[in-house]
Amino acid sequence: MFTFNINKLIHAIIFFVNNTSPDKLGKVKLMKLLYYSDFRHMHDYGRPIIGDTYHKLENGPIPSLALNLISEAETCINDQPDEEDLADTRNYVKQFKEAIAIKVEDYYGKRKLKFEPKIDFNPRIFSKSDLVIMKKIADEFYNDNGREISEKSHDELGWKLSELFGMIDYRYALDPDSIDYFNYWEKTLESFRTLLVSSKAKESFA
């Protein structure tokens, strides 16, 4: 599993606010832009940019950590996290709110979030390849609204092959031959672990 980077998330959002159609960038479109950025970079360079965990929903893939963080920042209900594994969430929300304001707008009768940066975009947080991929994604989907980019995301291999509400494995960003390679070694390692556990079990009864 890759490491989630809160600073990259914040500045990736600022990047997309600055480089896509402002009238069409809401939460739905943002979720897909983050997905495409992570999975395209994984395909081309072997690692994601932000390192979020993605799940398959009916309207396309969503980055779980980013979605939860934005929802918490939007509603301001995260003063007392209920679970120990949410200990970092308070700091993440604080960082997010210090960097980006969230406002609600009417978009043809529907509720739409608007993201307004409070700080300048910092390109030094990203590698050159990160910036190249994000620029390509911003250009490719510049004029798409949330519905249009969601429909396009249904063509992604990871979305097609994953179970509804299940996690989308980063290996689906790779070419099919690479996926088969990773599957082969995963099965080989699992067989090795099973054999090792079995051997240890026999030793304990010797």
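Notes on the structure follow. This one's a predicted model, so the numbers in the text were calculated from it and none came from an experiment.

### Side note on the nonpolar core
Generally speaking, soluble globular proteins have nonpolar side chains that are buried together.
Link 1 in the chain: Leu9, Ile13, Phe16, Leu30 and Leu34 are the most contacted members of the largest nonpolar core, which totals 44 residues.
Link 2 in the chain: For this core, the secondary-structure elements that each account for two or more residues are α1 (6-19), α2 (27-45), α3 (64-75), α4 (89-99), β4 (110-117) and α5 (128-140).
Link 3 in the chain: Per-element accounting of this core gives the leading share, nine residues, to α1.
Link 4 in the chain: Apart from residues no more than four positions distant in its own chain, Leu34 is found in contact with Leu9, Ala12, Phe16, Ile50, Tyr54, Pro63 and Ala66.

### Observations regarding α2
Link 1 in the chain: The end-to-end C-alpha distance of α2 is 27 Å, a good match for the 27 Å that 19 residues give at a rise of 1.5 Å each.
Link 2 in the chain: Positive phi appears at Gly46, one or two residues downstream of α2, with a value of about 85 degrees.

### Description of the packing of α2 against helix α6 (residues 146-153)
Two measures define how a pair of helices packs: the angle their axes make with one another and the distance between the axes.
Link 1 in the chain: It is at 8 Å that the axes of α2 and α6 come closest, and there the two elements cross at 35 degrees. The interaxial crossing formed by α2 with α6 has left-handed handedness. For the pair α2 and α6, contact is made by Val28, Lys29, Lys32, Leu33 and Tyr36 and by Gly146, Ile149, Ser150, Lys152 and Ser153, respectively.
Link 2 in the chain: The residue makeup of the contact of α2 with α6, split by class, is four nonpolar, three polar and three charged.

### What about the pairing of strand β1 (residues 54-57)?
Link 1 in the chain: Across the two faces of β1 the burial differs, with Tyr54 and Lys56 buried and His55 and Leu57 not buried at all.
Link 2 in the chain: Strand direction decides the pairing type here: β1 and strand β2 (residues 60-63), joined by four bridges, are antiparallel. Note that in β2 the partner of Leu57 across the bridge is Gly60.
Link 3 in the chain: The hairpin formed by β1 and β2 contains two residues between the paired strands.

### Observations regarding the side chain of Ser37
Link 1 in the chain: Within the secondary structure, Ser37 is located in helix α2.
Link 2 in the chain: Residue classification places Ser37 among the buried positions, given a relative accessible area of 1%.
Link 3 in the chain: A polar contact of 2.8 Å, which involves the side chain of Ser37, links it to the backbone oxygen of Leu33.

### Some details on the environment of Lys152
Link 1 in the chain: In this structure, Lys152 sits in helix α6.
Link 2 in the chain: Using a relative accessible area of 37% as the deciding quantity, one classes Lys152 as partly exposed.
Link 3 in the chain: Taking C-alpha positions, Lys152 is 8.5 Å from Gly60, a pair spaced 92 residues apart along the chain.

### Digging into the pattern of salt bridges
Two side chains bearing opposite charge may form a pair once their charged atoms approach each other closely.
Link 1 in the chain: In total, this model carries 14 salt bridges according to the counting rule given.
Link 2 in the chain: Close ionic contact of Glu105 with Lys112 constitutes a salt bridge, the shortest N to O distance being 3.8 Å.
Link 3 in the chain: When its relative accessible area of 33% is taken as the criterion, Glu105 is described as partly exposed.
Link 4 in the chain: Its salt-bridge partner being Glu116, residue Lys114 comes within 3.7 Å of it at the nearest N-O pair.
Link 5 in the chain: Taking relative accessible area as the criterion, Lys114 reaches 30% and is therefore assigned partly exposed.
Link 6 in the chain: The class for Glu116 is partly exposed, based on a relative accessible area of 24%.
Link 7 in the chain: One connected set of salt bridges, linked through shared partners, spans Lys103, Glu105, Lys112, Lys114 and Glu116.

### Digging into the packing of aromatic side chains
Link 1 in the chain: For the structure shown, the criterion picks out 12 aromatic pairs.
Link 2 in the chain: When the ring of Phe2 is compared with that of Tyr170, the centres are 5.2 Å apart and the planes differ by 85 degrees; the resulting orientation is edge-to-face. Within this pair, whereas Phe2 is found in the segment before α1, its partner Tyr170 is found in the loop between α7 (157-161) and α8 (176-204), the two being separated by 168 residues in sequence.
Link 3 in the chain: Following the ring pairs from residue to residue traces out a cluster consisting of Phe2, Tyr35, Tyr36, Phe39, Tyr54, Phe141 and Tyr170.
Link 4 in the chain: Across from the ring centre of Trp159, 4.2 Å away, lies the NZ or CZ of Lys56, which sits over that ring.

Reading the values: rules and limits
- Residues numbered from 1 in each chain as written.
- Predicted model: local features only at pLDDT ≥ 70, side-chain atom pairs only at ≥ 80, totals over all residues.
- Heavy atoms only, no water.
- Core = buried A, V, L, I, M, F, W, Y, C linked by side-chain atoms within 4.5 Å.
- Buried < 20%, exposed > 50% of the residue type's maximum accessible area, 1.4 Å probe, protein only.
- Helix = DSSP H or I, 4+ residues; strand = E, 2+ residues; numbered from the N terminus.
- Contact = heavy atoms within 4.5 Å.
- Expected span 1.5 Å × (residues − 1).
- Axes fitted to C-alpha atoms, helices over the stretch in contact; angles between N-to-C directions.
- Left-handed = near helix turned anticlockwise from the far one by under 90°.
- Nonpolar A, V, L, I, M, F, W, Y, C, P; charged D, E, K, R; others polar.
- Pairing = 2+ DSSP bridges.
- Polar contact = N/O pair within 3.5 Å; in protein donor to acceptor, adjacent residues only side chain to side chain.
- Salt bridge = Lys/Arg side-chain N within 4 Å of Asp/Glu carboxyl O.
- Phe/Tyr/Trp six-rings, centres within 6.5 Å; stacked < 30°, edge-to-face > 60°.
- Lys NZ or Arg CZ within 6 Å of the ring centre and 35° of its normal.

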